[in-house]
Amino acid sequence: KVECDALTDQDWECLAKIISERCQFGRVYGIPRGGVKLQKALEKYITPSNPYRLVVDDVWTTGKSMMEAMEPGDIGFVVFARNRIIFDSNKYVRAIFTMDML
């Protein structure tokens, strides 16, 4: 299990900075519970004129919650991917950290 409740506010700020250096966005939405702290840390990196919405979560396990929340054209980002991220032609999700599949 990846225990993201152990992350501090400073950790979330650092993770937000990493994401902000990899994509630009005009809005950010955190998947309820897991992605809310990350959403709040990312809000200072919003570029209002940018048309893209960033959807974030802490951990990708099956991807169900991300795929349900994302709309075509959204950018998705997770901190940890426990499993391989499956791509949809209209939905793209990236991870900062991934666990290798053996």
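See the structure printed just above.
In this report, the structure presented in the accompanying data block is examined. (Residues numbered from 1 in each chain as written. Predicted model: local features only at pLDDT ≥ 70, side-chain atom pairs only at ≥ 80, totals over all residues. Heavy atoms only, no water.)

1. Observations regarding the overall build of the chain
At step 1: Scanning the chain for helices and strands turns up 3 helices and 4 strands.
At step 2: For a compact globule of 102 residues, the expected C-alpha radius of gyration is about 13 Å, and the chain comes in at 13 Å, within 12% of that figure.
At step 3: If you line up the chain on its principal axes, its C-alpha atoms span 40 × 35 × 20 Å.
At step 4: The buried share of the chain, reckoned over its 102 residues, is 42%.
At step 5: Long-range pairs, those at least 24 residues apart, make up 38% of the contacts in the chain with a sequence separation of at least 6.
At step 6: Here the chain has roughly 6300 Å² of accessible surface; of this, 51% comes from carbon and sulfur atoms.
At step 7: Taking the average place of the 14 positive charges on the side chains of the chain and the average place of its 14 negative ones, the gap between the two points comes to 2 Å. (Helix = DSSP H or I, 4+ residues; strand = E, 2+ residues; numbered from the N terminus. Rg over C-alpha atoms; globule rule 2.2 N^0.38 Å. Buried < 20%, exposed > 50% of the residue type's maximum accessible area, 1.4 Å probe, protein only. Contact = heavy atoms within 4.5 Å. Areas by Shrake-Rupley, 256 points an atom, 1.4 Å probe, with all protein chains shown as cover. Lys, Arg positive; Asp, Glu negative; His and termini not counted. Charge placed at Lys NZ, Arg CZ, Asp CG, Glu CD.)

2. Considering the packing of aromatic side chains
At step 1: A full pass over the atoms with the stated rule returns 1 aromatic pair.
At step 2: With a centroid separation of 5.5 Å and an interplanar angle of 25°, the aromatic rings of F80 and F97 are classed as stacked. One end of the pair, F80, is in strand β3 (residues 75–81); the other, F97, is in strand β4 (residues 92–98), and 17 residues separate them in sequence.
At step 3: Overall, F97 belongs to the partly exposed group, its relative accessible area being 39%. (Phe/Tyr/Trp six-rings, centres within 6.5 Å; stacked < 30°, edge-to-face > 60°.)

3. Examining the state of the cysteines
At step 1: Within the structure shown, the criterion is met by 0 disulfides.
At step 2: The thiol of C4 is unpaired, and the distance to the nearest cysteine sulfur, on C14, comes to 14 Å.
At step 3: Of all cysteine sulfurs in the structure, the one in C14 sits closest to C23, which takes part in no disulfide; the separation is 15 Å.
At step 4: Judged by relative accessible area, C23 falls into the buried class, the value being 12%. (Disulfide = S-S within 2.5 Å.)

4. Some words on the sheet that holds β3
Each strand in a sheet pairs with another by means of backbone hydrogen bonds, the pair being arranged parallel or else antiparallel.
At step 1: Across the sheet, which stays open at both edges, the 4 strands sit in the order β1-β2-β3-β4 with parallel pairing between neighbours. Every other strand in the sheet has two partners, leaving β1 (27–30) and β4 as the edge strands with one partner each. In this sheet, neighbouring strand axes are inclined to one another by 25° on average, regardless of whether the strands run parallel or antiparallel.
At step 2: As judged from the 4 bridges shared by β1 and strand β2 (residues 53–60), these two strands associate in the parallel manner. Paired with G30 across the strands is V56, a residue of β2.
At step 3: Of the strands in this sheet, β2, β3 and β4 are in contact with helix α1 (residues 9–20), which crosses β4 at around 130°. (Pairing = 2+ DSSP bridges. Axes fitted to C-alpha atoms, helices over the stretch in contact; angles between N-to-C directions.)

5. Details of the environment of G26
At step 1: Residue position: G26 is located in the loop between α1 and β1.
At step 2: Spatially, the C-alpha atoms of G26 and T61 are 26 Å apart, while their sequence positions differ by 35 residues.
At step 3: With sequence-adjacent residues up to four places away left out, G26 is seen in contact with I46, T47, N50 and Y52.

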